[in-house]
Amino acid sequence: MASIGQITKAYLDEYKKSPVRVKVVDAFLIYALATAAVQFAYMMLVGTFPFNAFLAGFLSSVGFFALTVCLRLQVDPTIKDFSGISPERAFADYVLANLVLHLVVWNYMG
């Protein structure tokens, strides 16, 4: 059985081979997850007085995370399921889906 250190080293070695485009998308994923965590922690500490505002912000972060995971799957060259979709098309789909998501969130808050 491999130790945690060996598993982490193997993961980092493989991750270094990833293209820069995938690493940038991973940074967006970390940002979306951190934003959702901060909003949830704020809700736990302060309360949910404007509940629709909290819900809209939290679901916006979670939706942004889900859409960014989809973008990462489509942009990663090692995943062959989306080989027929160009990165430009994947990004255009991502922008359109984010536009729809945030229009829904804006409508829910208002």
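Anything mentioned here points back to the structure above.
Notes on the structure in this doc start here. Owing to the predicted nature of the structure, the values given are computational and were not obtained by experimental measurement.

## Focus: the side chain of Thr68
Line of reasoning, step 1. When you line up the elements, Thr68 lands in helix H3 (residues 51-75).
Line of reasoning, step 2. Discounting chain neighbours no more than four positions away, the residues touching Thr68 are Val25, Phe28, Leu29 and Tyr94.

## Some words on the nonpolar core
Line of reasoning, step 1. Grouped together as the largest cluster of nonpolar side chains are seven residues: Val25, Ala32, Phe64, Leu71, Val75, Ala90 and Tyr94.
Line of reasoning, step 2. Here this core gets three residues from one element, more than from any other, and that element is H3.
Line of reasoning, step 3. For Val75, the contacting residues outside a window of four places in its chain are Arg21 and Ala90.

## Brief notes about helix H4 (residues 87-109)
Line of reasoning, step 1. For H4, built from 23 residues, the straight-helix expectation of 33 Å at 1.5 Å per residue is met to within 8% by its first-to-last C-alpha distance of 32 Å.
Line of reasoning, step 2. All of the buried residues along H4 are Ala90, Tyr94, Asn98, Leu101 and Val105.

What counts and what doesn't
- Residues numbered from 1 in each chain as written.
- Predicted model: local features only at pLDDT ≥ 70, side-chain atom pairs only at ≥ 80, totals over all residues.
- Heavy atoms only, no water.
- Helix = DSSP H or I, 4+ residues; strand = E, 2+ residues; numbered from the N terminus.
- Contact = heavy atoms within 4.5 Å.
- Core = buried A, V, L, I, M, F, W, Y, C linked by side-chain atoms within 4.5 Å.
- Buried < 20%, exposed > 50% of the residue type's maximum accessible area, 1.4 Å probe, protein only.
- Expected span 1.5 Å × (residues − 1).

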